[in-house]
Amino acid sequence: MRAPDSVLEFRGVVKRFGGISALNEVDFVVPRGQIVGLIGPNGAGKTTAFNLASGAYTTTAGDIIFEGRSTIGLKPYQVARRGIARTFQNIRLFRSMTVWEHLVVSNREKSRIRNILPFGGAGRETCERSRRILDLTGLTAFHDRLPVSLPYGMQRKVEIARALASQPRLLLLDEPVAGMNQDEAGELLELLLRLRREGLTILVIEHDMPFVMNLCDHIYVLDFGLVIAGGRPEEVRRDPVVLSAYLGEDGGCSR
Amino acid sequence: MLLQQLINGLTLGAVYTLIALSFSLVMGILGVLNLAIAELFMLGGYCGLTLIIMGHSVWLAVPAAMAVSGVLAVVVERVAYRPLRDAPMIMPLLSTLAFSIIFQNVAVNVWGSDPLQLPDALADARLSLGTASIGIMQLAVIVVTVLLVVALGVIVQSTKLGRGLRAVAENREVARILGAPASRLTTAAFALSGSLAGAAGVLIGFHYAAITPYVGVDTGLKAIAVMVVGGSTRIWGVLIAGPLIGVAEVLSVVYGGSAIRDMVVYGLMILVLLLRPQGVLGGSSMPEGERV
Amino acid sequence: MSTYAAGLSADIGIALLGGLSVYVILATGQLSLGNAAFMAVGAYLASALTVYAGLPLTAALMLAGLASGFLGVLVGFPALRLRGIYLAMATLGFGEMTRSFFLDFAPAGGAGGFRGMGPVSTAYIWAWSASLLVGVVLLERSRLWLEFRAVNDDERAADLIGLNTTAIKVGAFGLGAAIAGVAGGLFAYHQLYIEPGMFGFDRSIEMVLYVVLGGSTVAVGPLLGATLLVLLPEFLRFLADWRLAAFGALLILVLLFRRQGIIDRGMFRGLSRRKWATP
Ligand SMILES: Nc1ncnc2c1ncn2[C@@H]1O[C@H](COP(=O)(O)OP(=O)(O)OP(=O)(O)O)[C@@H](O)[C@H]1O
Ligand SMILES: [Mg+2]
């Protein structure tokens, strides 16, 4: 391990889809307890990196290390059980389930028996934790609603709540602010900072620059499947390579 | 003797081919198993045989049966498919099944549950071919099948309608987005498919020299297997699979092992479904490339 | 209860089990058009175990359920590769294969069928049906059932939040098949005689109909569906020869105007949610 305590590490990761290389020898490290940003123009390969980290896709080459152990060859559910939870760029909630049920199903019960006990699925511990997550994400009042009946920004929160319910040690957020209004984005910022204080490590993809700059301890910039820069927000903001590749024309970080 | 059985097998196979093509037209374009086809086939058979018994020629009976089954297929499309086209595939599956229940009931009430026999004079007329002989009716089966397959080939390969159908079969999603005139194509696919089934019904009547209201289910299921084994969206594979299974069936009836034969046919169907992750059938399993 | 009513009631009990067998598998998004095959296996096995080996019926039914369930697991694995209509066609093929197998299987009487089973009481049949129904209803209130539904709603997402979708789908197949196996055994004893033709495509479709008509999101759906479909021919008796056509038309109407089946989960939501929220 290079970093003192890295939670997630990409080592020379390559992902090709037929002819196109979505990721080309990508290396980066997510240290424990930090919020790390992954930014870059459309099609840079950010979501692909998430898909590899969560086991949804298999790597073409390279190694992915989670808490000191490689996750190569693991099925997605095995990766999730190791402690990585994620949200999706295109929301993927369970259409027949209420918000509360999303939390219950995502929360793995340790006892197999409890799993099949009627009404027992949600034990006291599970219930308390789930209530707390509802509270944190501001979904308490909506716990018995179906996803379709919620506005888009709220659905994003349900995705985050579902991810949190699995008690991850690494949270992957794919454009969590997309579709949220200013207030909601502000609340989310507070929530993520609070989760970090409680020790959660977060890797976030986001196009909203002010949000990323305020949130992250460290930022990696991806372009055409390569990490072209990495550093503290203010360093990245000033990096000429980054400016020309990504932030240049629209001055996305000026605000 | 063997040659004779081969000829019998070919005529049965010809019928399977036509019904399989009928299933495959709707399946390829809409991804729906139209279970009413089995009974459209049976009804076509009754219409055709009734005309023949009344003394009309094959050249009237077959087109008439095609017209009746084609029109009924459009009714099925309008009532049972169209309102449910966005529903899970189980819905159109069952609503077309409902139609087949209705059709079968109608046939039983109109023609009775005893077989409708072809007149002996026709059924027994044979053309000698050296050591073997071929029944006039068997000859008709093969001639009509060849004509219909050629006609279908022309329609699919070189008409505007055919190009549309192929485009949709190639990629349903893309075709929908590009705005292929889906509604008209859907109707056309059902009509074509229905008339093929109708013709096949007349031909099965020739093959067995009789028709019953219950001929649809067994033959229909077999034809679904033929469609799958031949590749459900590619039309031409069926031309090989149909005769093959027809010959296998006739030989196994004569030489024993007909239950084994069915196991082989359906086993083959399952195997084909399993071994073609997407290829011929398109989307039968989860590709790794699915976007997340 | 007249013997006639008792007969109908037994029919409903067996039909209910057939419906439940489809229901459990469908809960994970898998449509099986071959459940009559599991029923056949259960029917022949339970009959052979009692007639040849002299086992008590209850034990034989349990073994039949286990064996069918095991077969269901075996079928469930290849089924993982298939989706939607392709899975439906493959299970249809499996059903026809099984039927042909029994046609040719001399020890089970082949096409001639198998007899020697003694009559059972309607109460006995319903003891099984009711307990299995209660079992499924309770299962529906477990966390495991939420996993089933998650797989049905979005398999990929379910996988990515840590659910072992393979185990869930195969397990559902096994459970459904086991229920069908018990249904088959009871069917054999109710009919006193079985032959392969009783376990064809029609039977498989019937089981699916119980579920789709009654409602595929709650276990009482199949109960209602089975009851209606068994009794419907009686209600439609006045139509004489046109009974089946009327049934087909009714079926179309229900599918068109009540896609989710007559009963759906929404009607029960209030009830189950409260249970979740207050441990
Ligand atoms: N399943 C797939 N099959 C084929 N190509 C893919 C697949 N997933 C991603 N790609 C390709 O990989 C490249 C990177 O895509 P990716 O989704 O990772 O970009 P991104 O950085 O997340 O972009 P955005 O900001 O638009 O979400 C793109 O060229 C994309 O077309
Ligand atoms: Mg992306």
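Provided above is the structure to which this section pertains.
Quantities reported herein were computed from a predicted structural model and do not represent experimental measurements. Every chain begins its residue count from 1, and numbering advances along the sequence as written. Key to labels: chains lettered from A, ligands numbered from 1, both in the order written. Thresholds applied to this predicted model are a pLDDT of at least 70 for local features of residues and 80 or more for the giving and counting of side-chain atom pairs; totals over whole chains, interfaces and linings are not thresholded and use all residues. To get the side-chain values, all heavy atoms of the structure are used, and hydrogens and water are removed first.

S.K.: Lay out the overall build of chain B with the relevant residues and their values.
M.R.: Only DSSP runs of H or I covering at least 4 residues are called helices, and only runs of E covering at least 2 are called strands; the numbering of each starts at the N terminus. Along chain B, the regular secondary structure elements total twelve helices and four strands. Its C-alpha atoms give chain B a radius of gyration of 19 Å, within 12% of the compact-globule value 19 Å for 292 residues. Each of the three principal axes of chain B carries a C-alpha extent, and together these read 65 × 35 × 35 Å. The 292 residues of chain B split such that 57% are buried. Note on contacts: a residue pair is in contact if any heavy atoms of the two residues lie within 4.5 Å. Within chain B, contacts between residues at least 6 apart in sequence are counted, and of these 78% link residues at least 24 apart. With an accessible surface of roughly 11400 Å², chain B has 67% of that area assigned to carbon and sulfur atoms. Lys and Arg are tallied as positive, Asp and Glu as negative. Neither His nor the chain termini are counted. Here the site of a charge means NZ on Lys, CZ on Arg, CG on Asp, or CD on Glu. One way to put it: in chain B the 15 positive side-chain charges average out to a point 12 Å from where the 13 negative ones average out. Each radius of gyration reported is based on C-alpha atoms, and the globular scaling rule is 2.2 Å times the count of residues to the power 0.38. Accessible area is worked out with a 1.4 Å probe on protein chains only. A residue is then buried under 20% of its type maximum, exposed over 50%, and partly exposed in between. Using the Shrake-Rupley algorithm and a 1.4 Å probe, accessible areas are obtained, with residue cover drawn only from the displayed protein chains.

S.K.: I'd love a proper account of the interface of chain C and chain B, names of residues and values included.
M.R.: Every contact between the two is made by 45 residues of chain C and, on the other side, 49 residues of chain B. Summed over both partners, the accessible surface that disappears when two parts come together, traced with a 1.4 Å probe, is what is meant by buried area. Summed over both sides, the interface of chain C with chain B buries roughly 4200 Å², with 77% coming from carbon and sulfur. Within this document, salt bridges are pairs made up of a side-chain nitrogen of Lys or Arg and a carboxyl oxygen of Asp or Glu, the two lying within 4 Å of each other. Here chain C and chain B share one salt bridge between them. Residues R99 of chain C and D218 of chain B are paired through a salt bridge, measuring 3.9 Å at the closest nitrogen-oxygen approach. The definition of a polar contact used here is a pair of N or O atoms within 3.5 Å, where within protein one atom must be able to donate a hydrogen and the other to accept one, and adjacent residues in sequence count solely through side-chain atom pairs. Counting the contacts that link chain C with chain B gives five residue pairs in polar contact (both at pLDDT 80 or more). At the level of elements, α4 (84–104), α7 (155–160), α9 (201–214) and α11 (243–257) of chain C are the ones that each hand at least two residues to the side of chain C that touches chain B. For the side of chain C that touches chain B, the leading source of residues is α4 of chain C, giving 16 residues. When grouped by side-chain class, the residues that make up the side of chain C that touches chain B number 30 nonpolar, four polar and eleven charged. Residues are sorted three ways: Asp, Glu, Lys and Arg are charged, Ala, Val, Leu, Ile, Met, Phe, Trp, Tyr, Cys and Pro are nonpolar, and all the rest, Gly among them, are polar.

S.K.: I'd like a rundown of the coordination of the magnesium ion (ligand 2), residues and numbers included.
M.R.: All names here are of chain A. Here the coordinating atoms are restricted to nitrogen, oxygen and sulfur within 2.8 Å of the metal centre, or 3.2 Å for Na, K and Ca, and because water is not among them the sites may look incomplete. Taken together, T47 (OG1) and Q89 (OE1) make up the full set of protein donors to the magnesium ion (ligand 2), lying 1.9 to 2.1 Å away. Here T47 is found in helix α1 (residues 46–53), whereas its partner Q89 is found in the loop between β6 (84–86) and α3 (99–106), with 42 residues between them in sequence. Look at T47 and you get buried, because its relative accessible area is 18%. Residue Q89 is classed as partly exposed on the basis of its relative accessible area of 26%.

S.K.: Which residues make up the pattern of salt bridges, and what are the values?
M.R.: Summed over the entire model, instances satisfying the criterion amount to 26 salt bridges over all chains. The residue R92 of chain A makes a salt bridge to D154 of chain C at a minimum N-O spacing of 2.8 Å. Taken together, the residues span two chains, with R92 of chain A in the loop between β6 and α3 and D154 of chain C in the loop between α6 (143–153) and α7. Look at R92 of chain A and you get buried, because its relative accessible area is 13%. Accessibility expressed as a relative area gives 11% for D154 of chain C, which makes it buried. Of the charged contacts in the structure, one is a salt bridge between D262 of chain B and K222 of chain B, with a shortest N-O distance of 3.6 Å. Taken together, the residues D262 of chain B in helix α12 (residues 258–275) and K222 of chain B in helix α10 (residues 215–230) connect sequence positions 40 residues apart. Judged on exposure class, the residue D262 of chain B and its partner K222 of chain B are both buried. Taken together, the shared-partner salt bridges in this structure form one network comprising D5, R32, E67 and R169 of chain A.

S.K.: Explain the sheet that holds strand β1 (residues 6–17) of chain A to me, using residue names and the numbers behind them.
M.R.: Residues and elements named next belong to chain A. Any two strands between which DSSP finds at least two bridges are classified as paired. Across the sheet, which stays open at both edges, the four strands sit in the order β2-β1-β4-β5 with antiparallel pairing between neighbours. The two strands at the open ends of the sheet, each matched to only one other strand, are β2 (20–31) and β5 (69–70). Bridge count for strand β4 (residues 61–66) against β5 is two bridges, and the pairing is antiparallel. By the bridge assignment, F66 is partnered in β5 with R69. The sheet strands contacting α1 are β1, β2 and β4, and the helix crosses β1 at an angle near 115 degrees. Each axis is a line fitted through C-alpha atoms, taken for helices only over the stretch in contact, and angles between the N-to-C directions span 0 to 180 degrees.

S.K.: Would you mind going over the sheet that holds strand β8 (residues 201–205) of chain A in detail, with residue names and values included?
M.R.: All names here are of chain A. Taking strand neighbours across the sheet as the criterion, the six strands line up as β6-β7-β8-β3-β9-β10 in an open arrangement whose pairing is mixed. The strands lining the two open edges of the sheet, one partner per strand, are β6 and β10 (226–231). Across the sheet, the mean angle separating the axes of adjacent strands is 20 degrees when strand polarity is ignored. Note that strand β3 (residues 35–39) and β8 share four bridges and pair parallel. Looking at β8, one finds that I35 is bridged to I202. Against the sheet, helix α7 (residues 182–197) makes contact with β3, β7 (170–174) and β8, and its axis sits at roughly 130 degrees relative to β3, the strand it touches most.

S.K.: Give a description of the packing of helix α2 (residues 37–53) of chain B against helix α4 (residues 90–111) of chain B that names residues and reports values.
M.R.: Residue and element names in this part refer to chain B. The interhelical angle for the contact between α2 and α4, taken along N-to-C directions, is 25 degrees, at an axis separation of 9 Å. With respect to α4, the element α2 is oriented roughly parallel. For α2 against α4, the interelement crossing comes out left-handed. Of the residues in α4, those in contact with E39, L40, M42, L43, Y46 and T50 of α2 are S100, F103, Q104, A107 and W111. Looking at the contact of α2 with α4 residue by residue, the classes come out as seven nonpolar, three polar and one charged. Should an angle lie under 35 degrees it is considered roughly parallel, over 145 roughly antiparallel, and from 65 to 115 roughly perpendicular; all remaining angles are considered oblique. Crossings are sorted by hand: turned counterclockwise from the far helix by less than a right angle, the near helix makes the crossing left-handed, and turned clockwise it makes it right-handed.

S.K.: How would you summarise α11 of chain C if you had to cite specific residues and measurements?
M.R.: Each turn of an α-helix holds 3.6 residues, which means side chains three or four residues apart point in the same direction. All names here are of chain C. Its 15 residues place the ends of α11 21 Å apart at the C-alpha level, agreeing with the 21 Å of an ideal helix rising 1.5 Å per residue. All of the buried residues in α11 are A245, F247, G248, L251, I252 and L255. Angular distribution of buried residues about the axis of α11 spans 160 degrees; they occupy a single face of the element. The span expected for a helix works out to 1.5 Å for each residue beyond the first. The directions considered for the arc are those from the helix axis to the C-beta atoms.

S.K.: Which residues make up the packing of aromatic side chains, and what values do they have?
M.R.: For Phe, Tyr and Trp, where Trp contributes only its six-membered ring, two rings pair if their centres lie within 6.5 Å, and the inter-plane angle classes them as stacked under 30 degrees, edge-to-face over 60, or tilted in between. Scanning the entire structure with this criterion turns up 17 aromatic pairs over all chains. A ring pair is formed by Y44 of chain C and F102 of chain C, whose centres lie 4.2 Å apart and whose planes are at 10 degrees; its orientation type is stacked. Remark: F102 of chain C occurs in helix α4 and Y44 of chain C occurs in helix α2 (residues 35–51); sequence separation between them is 58 residues. On the basis of relative accessibility, which here comes to 8%, the residue F102 of chain C falls in the buried class. With a centroid separation of 6.5 Å and an interplanar angle of 80 degrees, the aromatic rings of F102 of chain C and F105 of chain C are classed as edge-to-face. Taking relative accessible area as the criterion, F105 of chain C reaches 33% and is therefore assigned partly exposed. Taken together, Y44, F101, F102, F105, F187 and F199 of chain C form an aromatic cluster joined through their ring pairs. The lysine or arginine in question, R92 of chain A, covers the ring of F88 of chain A, its NZ or CZ lying 5.9 Å from the ring centre. Geometrically, a lysine NZ or arginine CZ counts as sitting over a ring once it is within 6 Å of the ring centre and also within 35 degrees of the ring normal. In this structure, R162 of chain A is placed above the aromatic ring of F94 of chain A, and the distance from its NZ or CZ to the ring centre is 4.9 Å.

S.K.: Quick rundown of the layout of surface pockets? Include the residues and the values.
M.R.: We place a 1 Å grid over just the protein atoms. Points where a 1.4 Å probe fits but has no way out form a cavity, open points with protein on both sides within 12 Å along at least 5 of 7 lines form a pocket, and any residue with an atom within 4 Å of a point lines it. Grid points are joined across faces, edges and corners, and a volume is the space filled by probe spheres set on the points. The space that makes up the second largest pocket amounts to roughly 1300 Å³. Lining the second largest pocket are 44 residues, and of these D202, R203, E206, L244 and F247 of chain C sit closest to its centre. Elements supplying a minimum of two residues to the lining of the second largest pocket: α2, α4 and α10 of chain B together with α1 (3–26), α8 (165–191), α9, α10 (220–235) and α11 of chain C. Ranked by residues supplied to the lining of the second largest pocket, first place goes to α9 of chain C with eight residues.

S.K.: Let's hear about the environment of L200 of chain A: which residues, and what values?
M.R.: Residues and elements named next belong to chain A. When you line up the elements, L200 lands in the loop between α7 and β8. With relative accessibility at 9%, the residue L200 sits in the buried group. Sequence-wise, L200 and I39 are 161 residues apart; in three dimensions their C-alpha atoms are separated by 20 Å. In this view, L200 contacts G33, Q34, L164, P168, R169, L170, L171 and L195; residues no more than four positions away in its chain are not counted.

S.K.: Which residues make up the environment of V141 of chain B, and what values do they have?
M.R.: Residue and element names in this part refer to chain B. Topologically, V141 is positioned in helix α6 (residues 136–158). Residues V141 and F206, spaced 65 residues apart in sequence, show a C-alpha to C-alpha distance of 7.0 Å. Discounting residues that sit within four places of it in the chain, V141 has contacts with T11, A14, V15, L203, F206 and H207.

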